[in-house]
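Listed below are the residues making up each chain.
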Amino acid sequence: MLAATVARFSPDSPLDGLEVGERPEPEPRENWTTVRVRAASLNHHDLWSLRGVGLRAEQLPMILGTDAAGVAADGAPVLVHGVIGADGHGVGPDERRTLLSEKYPGTLAELVAVPIHNLVPLPDDLPFEEAACLPTAWLTAYRMLFGAAGLAPGDRVLVQGAGGGVATAAIVLGAAAGLEVTVTSRSAERRERALALGAAHAVETGARVPDRVDAVIESVGQATWAHSVRSVRPGGTVVVCGATSGDAPPAELSRVFFNEIRVQGVTMGSRDDLAALVRFVARTGVRPVIDSAVPLARVRDGVARLAAGEQTGKIVVLP
Ligand SMILES: NC(=O)c1ccc[n+]([C@@H]2O[C@H](COP(=O)([O-])OP(=O)(O)OC[C@H]3O[C@@H](n4cnc5c(N)ncnc54)[C@H](OP(=O)(O)O)[C@@H]3O)[C@@H](O)[C@H]2O)c1
């Protein structure tokens, strides 16, 4: 089958280690099944993998990709929950949590094997291309907003780095839930786009926000951390899921303790969270923001766009 793999690590130039070619089909395992991938989507995680973060050399070549929508063995359309081992299903209770493409081959392929438990039924009116955006970036944003930050309609939220996959998801989901969403972005075009997606305010990266917010959705890291801590109200929450720009910010500890700010980490979400997100999308009619779509054979173009930070929303990959 055709698949996109990390062939070697390349910390400074992630595209150098990307290969697209024939790989063996997945082997059947007990309590696992195989999904024929109809659409997958790229995440910053794929760039980290190409740089060698979270993988060991002896695991190469590793098929990339953490999320997919496709057709199950019984012909049903499904969404793939990409977290393996968190609850023991299909791997045993002692296996530590990994994401697809970290221990088991990922979704940038014609076929992907996953525990049967990890399949979520897909509603008829959600196309594969849109569904494939949900299991990583959208799931994480959903859990950050409504789980970790515990936001309620009318609350204020700041979303850092408006163009990203997690960020566009947080804008759309937050606006649909009645939150007052403020965004930052380095790009005037992406600030405009965020307003069109439902944000109430858009400011340049690092600029003062109109009002202090109840929570911050932080995925950028070093470049925005101090601004996140300055922008949240006393007693508010900074929810962090990533550090795209680096992991060595000034921690702003004085502000954290003086203003009694809560810092909460999030990684992905549970299968039940993903099922709830699918219901949210079905009920509200909101849809993932798709930047572009590329065939699997030309996935390099999509990865290059992601690496250059040119996208607004998700880049979909079609096997
Ligand atoms: N913990 C989890 O489960 C989880 C899940 C999903 C993602 N993540 C992590 O979260 C991060 C975002 O993921 P993603 O897939 O949404 O990535 P993405 O689509 O590549 O978005 C990254 C965004 O960050 C902003 N950014 C990047 N460098 C910046 C800089 N130097 N200064 C200011 N802004 C900068 C950009 O926004 P603008 O250009 O608009 O400013 C960019 O669009 C990644 O680090 C990823 O690994 C973690």
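Structure first, text after, so check above.
Report on the accompanying structure. (Residues numbered from 1 in each chain as written. Predicted model: local features only at pLDDT ≥ 70, side-chain atom pairs only at ≥ 80, totals over all residues. Heavy atoms only, no water.)

1. A word on the environment of P135
Within the secondary structure, P135 sits in helix α3 (residues 134-148). Along the chain, P135 and A248 lie 113 residues apart, while their C-alpha atoms are 28 Å from each other. (Helix = DSSP H or I, 4+ residues; strand = E, 2+ residues; numbered from the N terminus.)

2. Quick word on the site of the ligand
Residues in close proximity to the ligand total 25 residues, the closest being H44, W48, S185, R190 and M268. Contacts to the ligand include G165, whose backbone N or O atom sits 2.9 Å from an oxygen atom. In the complex, the protein chains occlude 89% of the 920 Å² of accessible area that the ligand would expose alone. Of all elements in the fold, only α1 (44-51) and α4 (165-176) reach the threshold of two or more residues within the shell around the ligand. Along the lines of polarity and charge, the residues of the shell around the ligand split into ten nonpolar, 13 polar and two charged. Two domains each donate at least three residues to the shell around the ligand, and these are domain 1 (2-133 + 288-318) and domain 2 (136-265). (Near = heavy atom within 4 Å. Polar contact = N/O pair within 3.5 Å; in protein donor to acceptor, adjacent residues only side chain to side chain. Areas by Shrake-Rupley, 256 points an atom, 1.4 Å probe, with all protein chains shown as cover. Nonpolar A, V, L, I, M, F, W, Y, C, P; charged D, E, K, R; others polar. Domains from an automatic or database assignment.)

3. Section: helix α8 (residues 271-284)
The end-to-end C-alpha separation of α8 is 20 Å, in line with the 20 Å expected for 14 residues at 1.5 Å each. Burial in α8 covers these residues: R271, D273, L274, A275, A276, L277, V278, F280 and V281. Buried residues in α8 make contact with β6 (77-80), β10 (119-121), α3 and α4. In the stretch just after α8, G285 is the one whose phi turns positive, near 80°. (Expected span 1.5 Å × (residues − 1). Buried < 20%, exposed > 50% of the residue type's maximum accessible area, 1.4 Å probe, protein only. Contact = heavy atoms within 4.5 Å.)

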